[in-house]
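Listed below, chain by chain, are the residues.
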Amino acid sequence: KVTSIDAPEGTEDVWLLAGWTSENKIGVELNSKKEYGLYTLPSQGGQATKILNDCWAMQPRWSQDGNRIIYVTPESPGPGGGYRLALASVPAVGGNGKLLPKDLDGKTIRQLGNQSGNRLSPDGKTIVTAAWTAEDTVANIGNRYIGLPTTHIWKISIDGNKSEKITNENRSYADVCP
């Protein structure tokens, strides 16, 4: 018999059904709505200003001219987004974030969440980052699959239209945090 069960108020997703308890209850993992944002704060103290609303922005970096903030974010919301991360930018005064082109030289370049590094060059024209493509292997350390891709150091133009892979280890390896 089909039964409908109401989730608690604020539930956004049902992630995992954990099975039945001995008291005939169902175990479940729920996800409630989380709000993310990118803020600027005055160095002398005071009120924070929200620059980007409802966005999971990691590794934010100011452009050299101070007009933009470059960051890593999921390409689209939803489960599994942790492996579909890309570089994006937003005006420093606020507005809509925009993904940088990610399909460079025929390869989709993916970012890491908190190990990308994302360092801007002194001239502000390039970003150095740890990233991976579909051709990179999945890490297998000591015959133990850990589910992370082999990463390399890349140079990517700030407009996202030019890329160059700098390191090229052909084994389970991770170049991170340049």
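Going by the structure above, here's the rest.
If you're wondering where the values come from, they're calculated on a predicted model, not measured in any experiment.

Some details on the overall build of the protein chain
Tallying secondary structure elements over the protein chain gives zero helices and 17 strands in all. For the protein chain, the proportion of its 178 residues judged to be buried stands at 33%. For the protein chain, long-range pairs separated by at least 24 residues make up 40% of all intrachain contacts whose partners lie at least 6 apart in sequence. On the protein chain, roughly 11600 Å² of surface is accessible, and the fraction owed to carbon and sulfur atoms is 50%.

Quick notes on the pattern of salt bridges
Taken as a whole and assessed by the stated rule, the structure comprises two salt bridges. With a closest N to O distance of 2.4 Å, Glu-75 and Arg-110 form a salt bridge. Taken together, the positions of Glu-75 in the loop between strand S6 (68-74) and strand S7 (85-91) and Arg-110 in strand S11 (residues 110-111) put the pair 35 residues apart, joining distant regions of the chain.

Topic: the side chain of Ser-157
Tracing the backbone through its elements, the reader meets Ser-157 in strand S16 (residues 152-157). Every residue in contact with Ser-157, bar those within four places of it in the chain, is listed here: Lys-125, Thr-126 and Lys-162.

Section: a nonpolar patch on the surface
A surface patch of nonpolar side chains, about 730 Å² in accessible area, is lined by Ile-5, Val-14, Leu-17, Trp-20, Ile-26, Val-28 and Leu-30. Elements that contribute at least two residues to the nonpolar patch include exactly strand S1 (11-20) and strand S2 (26-32). Note on placement: Val-28 falls in strand S2. On the accessibility criterion, Val-28 (40% relative accessible area) is partly exposed.

Structural notes on the nonpolar core
Met-58, Ile-70, Val-72, Leu-85, Leu-87, Leu-100, Ile-109, Leu-120, Ile-127, Ala-131, Trp-154 and Ile-156 form the largest nonpolar core, which has twelve residues in total. Put simply, the parts of the chain that give this core at least two residues each are S6, S7, strand S13 (126-132) and S16. Once residues within four sequence positions are removed from consideration, Trp-154 is found in contact with Ile-109, Ile-127, Val-128, Thr-129, Ala-131, Trp-132, Thr-133, Ser-163, Glu-164, Lys-165 and Ile-166. Counting ten residues, the second largest nonpolar core, distinct from the first, contains Leu-52, Tyr-71, Val-90 and Ala-92.

Here we look at the environment of Asp-105
With respect to the helices and strands, the residue Asp-105 is situated in the loop between strand S9 (103-104) and strand S10 (107-108). With relative accessibility at 65%, the residue Asp-105 sits in the exposed group. Sequence-wise, Asp-105 and Glu-164 are 59 residues apart; in three dimensions their C-alpha atoms are separated by 9.1 Å.

Parameters and conventions
Numbering of residues starts from 1 in each chain and follows the order in which that chain's sequence is written. In keeping with the model being predicted, local features are shown solely for residues with a pLDDT of at least 70 and side-chain atom pairs are shown and tallied solely at 80 or more, while totals for entire chains, interfaces and linings include all residues. Only heavy atoms go into the side-chain values, all of them from the structure, while hydrogens and water stay out. Put simply, DSSP H or I for four residues or longer makes a helix, DSSP E for two residues or longer makes a strand, and each gets a number counted from the N terminus. For every residue, the accessible area obtained with a 1.4 Å probe (protein chains only) is divided by the maximum for its type, and the residue is called buried under 20%, exposed over 50%, and partly exposed between those limits. For this analysis, residues touch if any pair of their heavy atoms sits within 4.5 Å. Residue exposure ignores everything except the shown protein chains as possible cover, and the areas themselves are Shrake-Rupley values with a 1.4 Å probe. Salt bridges are identified by distance alone: a Lys or Arg side-chain nitrogen within 4 Å of an Asp or Glu carboxyl oxygen. For patch detection, residues must exceed 30% relative accessible area and be free of salt bridges, and they are connected within 9 Å for like charges or within 5 Å for nonpolar side chains (Val, Leu, Ile, Met, Phe, Trp, Tyr). Buried Ala, Val, Leu, Ile, Met, Phe, Trp, Tyr and Cys residues form a nonpolar core when they are joined through side-chain atoms within 4.5 Å.

Purely geometric stuff here, so don't read any function into it on its own.
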